[in-house]
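Geometric and topological summary
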Amino acid sequence: MKVLVTGGLGYIGSHTVVELYNNGDEVIIIDNLSNSKEEVLDKLETIVGKKIKFYKGDLCDKELVRNIFKENKIDSVIHFAGFKCVPESVQLPLKYYRNNLDTTITLLEVMDEFNVRKIVFSSSATVYGTPEILPLTENCVVGGTTNPYGTTKYFIERIMEDLYISNNNWDITLLRYFNPVGAHKSGLIGENPNGIPNNLMPYVFKVASGELECLNITGNDYDTVDGTGVRDYIHVVDLAYGHVLALKNNKHDEVKIYNLGTGKGTSVLEIVNMFEKVNNITINKRFAPRRIGDIATCYADTKKAKEELGFETKYTLEDMCRDGYNYVLKNK
Ligand code: NAD
Ligand code: UFG
């Protein structure tokens, strides 16, 4: 299958490109490098041992997207391109609504023009807002989002559902990711954001490597096993493979929605302890106030993805802590 991967040089996109090649698919990437570097393309080519066709440009540029579809016989699309920083979205909501919605609508219009109607979209567990039950099933209420980033994901899900209602020939899969961490074994690709990271594990990696002084554990008075926040951490390689399975799933009598997580909740202290043990490092840490808008606990019900996609995670929390830091050390 020839797959267009939007945002394919980013963290999850790049790992998905590798899994697609492992599956025998061919990939075309569009990325404007707003949150990635062109050198990721060389690294990907090293891992997969092939040249990969790359378009450097903005997915909101309709003429460019049309050209990509004219020049390539694309069978399906995996749509990662978008902005993802929660606090930035609170400060700059229009930037998030513009980019995340515009990329998606432009892409869908051009796909429709070229009769390519198979798409997998990167949604997020954030669409569930504060969980009404745990584990979270795909039937839980969505839309109670607490920040503009999350609301863009919710809006895009709705847009895609409306599109399917208008034309049942669309084959749409919404993947709701839980918390991706870790990196490819090679240490060539991974996640190492510039500046001060918002997410837990990139912050831990920077404290471990001496770039940041101390981890703030944001909240130790939640109703959880040890008072710290509980999340469902999933190795990015497992998550990436979920996209390969989603593309193979040919059922399209509805918009397909799957949680991609492990089904297991881990607290901040538990994952930090695991990181320390696996990498034999002590993390300088202190307790700090809760972050505004944070929830206590979030983990996935994985039954539907297992039954309908055959999705099962292979990698452990240990792998996530080791592989993620291996990437950071190799790319310091
Ligand atoms: P990322 O920022 O590493 O990757 C996104 C890529 O899209 C980047 O390479 C960026 O340069 C590109 N991009 C952004 N706007 C673009 C545009 N207008 N045109 C072309 N390229 C553009 O993020 P990621 O962690 O790989 O996330 C991928 C997707 O998964 C995003 O949609 C994100 O919202 C979603 N998601 C991520 C997480 C997470 O924790 N990482 C969780 C849930 C959902
Ligand atoms: N945390 C800390 N210190 C930090 C950063 C985070 O203790 O410096 C804690 C948080 O309070 C939370 C846990 O670590 O309990 C995980 O926080 P992350 O920021 O890593 O992840 P979130 O669950 O808050 O959010 C992430 C993405 C969202 C996505 C969501 C989906 O940032 O975009 O997962 O599950 F929507």
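The preceding data block contains the structure.
Below you will find a few notes about this structure. (Residues numbered from 1 in each chain as written. Chains lettered and ligands numbered in written order. Predicted model: local features only at pLDDT ≥ 70, side-chain atom pairs only at ≥ 80, totals over all residues. Heavy atoms only, no water.)

1. Considerations on the sheet that holds strand E11 (residues 256-260)
Strand order in the open sheet made by the seven strands is E3-E2-E1-E4-E5-E6-E11, with parallel pairing throughout. Looking at the sheet topology across the chains shown, the edges are occupied by strand E3 (53-56) and E11. Direction aside, the axes of adjacent strands within the sheet are offset by 20° on average. Here four bridges tie strand E1 (residues 2-6) to strand E4 (residues 76-79), and the two strands are oriented parallel to one another. Across the sheet, valine 3 pairs through a bridge with serine 76, a residue of E4. Against the sheet, helix H1 (residues 11-22) touches E1, strand E2 (26-31), E4 and strand E6 (171-177), its axis set at about 165° to E2. Across the sheet, helix H8 (residues 236-248) touches E1, E4, strand E5 (118-124), E6 and E11, and the angle it forms with E6 is around 160°. (Pairing = 2+ DSSP bridges. Helix = DSSP H or I, 4+ residues; strand = E, 2+ residues; numbered from the N terminus. Axes fitted to C-alpha atoms, helices over the stretch in contact; angles between N-to-C directions. Contact = heavy atoms within 4.5 Å.)

2. With respect to the nonpolar core
One broad trend across soluble globular proteins is that nonpolar side chains are buried collectively. Ranked by size, the top nonpolar core spans 37 residues in total, and within it Leu9, Val17, Leu20, Ile29, Leu44 and Ile52 carry the most contacts. Contributing elements (two or more residues each) for this core: E1, H1, E2, helix H2 (39-48), E6, H8, E11 and helix H10 (303-309). Of all the elements, H8 adds the most residues to this core, at seven residues. Excluding residues that lie within four positions of it along the chain, isoleucine 29 makes contacts with Val5, Gly8, Leu9, Val17, Leu41, Leu44, Ile52, Lys53, Phe54 and Tyr55. Among the nonpolar cores identified, the runner-up in size contains 29 residues, and Ile68, Leu107, Met111 and Trp170 belong to it. (Core = buried A, V, L, I, M, F, W, Y, C linked by side-chain atoms within 4.5 Å. Buried < 20%, exposed > 50% of the residue type's maximum accessible area, 1.4 Å probe, protein only.)

3. As for the environment of leucine 212
Here leucine 212 shows up in the loop between helix H7 (200-208) and strand E8 (215-218). On the basis of relative accessible area, leucine 212 is assigned to the buried category, the value being 17%. Between the C-alpha atoms of leucine 212 and tyrosine 315, which are 103 residues apart in sequence, the distance is 28 Å. Leaving out residues up to four positions away in the same chain, leucine 212 has contacts with Ile196, Pro197, Tyr203, Lys206 and Val207.

4. A closer look at the site of ligand 2
In the vicinity of ligand 2 lie 22 residues, with Ser124, Asn199, Asn216, Arg231 and Asp294 positioned nearest. Side-chain polar atom of asparagine 179 to an oxygen atom of ligand 2: 3.0 Å apart, as the coordinates give it. Taking asparagine 199, its side chain carries an N or O atom lying 2.7 Å from an oxygen atom of ligand 2. Elements with a contribution of two residues or more to the shell around ligand 2: H7 and E8. In terms of residues, the shell around ligand 2 owes the most to one element, E8, which gives four residues. (Near = heavy atom within 4 Å. Polar contact = N/O pair within 3.5 Å; in protein donor to acceptor, adjacent residues only side chain to side chain.)

5. Comments concerning the pattern of salt bridges
Tallying each qualifying case throughout the model produces 27 salt bridges. For aspartate 294, the salt bridge goes to arginine 231, with nearest N and O atoms at 3.8 Å. In this pair, aspartate 294 is assigned in the loop between strand E13 (285-288) and H10 and arginine 231 in strand E9 (residues 230-231), connecting sequence segments 63 residues apart. Here arginine 231 falls in the buried class, since its relative accessible area comes to 13%. Of the charged contacts in the structure, one is a salt bridge between arginine 322 and aspartate 323, with a shortest N-O distance of 3.4 Å. The buried category is assigned to aspartate 323, whose relative accessible area is 4%. Residues participating in the shared-partner salt-bridge network are Lys185, Asp319, Arg322 and Asp323. (Salt bridge = Lys/Arg side-chain N within 4 Å of Asp/Glu carboxyl O.)

6. Points about the site of ligand 1
Close contacts around ligand 1 come from 27 residues, with Ile12, Asp31, Asn35, Ser36 and Tyr149 the closest. At a separation of 3.3 Å, an oxygen atom of ligand 1 approaches a polar backbone atom of glycine 10. Measuring from an oxygen atom of ligand 1, one finds a side-chain N or O atom of asparagine 35 at 2.7 Å. The protein chains hide 95% of the 820 Å² of surface that ligand 1 would expose on its own. Of all the secondary-structure elements, those providing two or more residues to the shell around ligand 1 are H1, helix H5 (93-113), E5 and helix H6 (148-166). In terms of residues, the shell around ligand 1 owes the most to one element, E5, which gives three residues. Classifying every residue of the shell around ligand 1 by side-chain character gives 10 nonpolar, 13 polar and four charged. (Areas by Shrake-Rupley, 256 points an atom, 1.4 Å probe, with all protein chains shown as cover. Nonpolar A, V, L, I, M, F, W, Y, C, P; charged D, E, K, R; others polar.)

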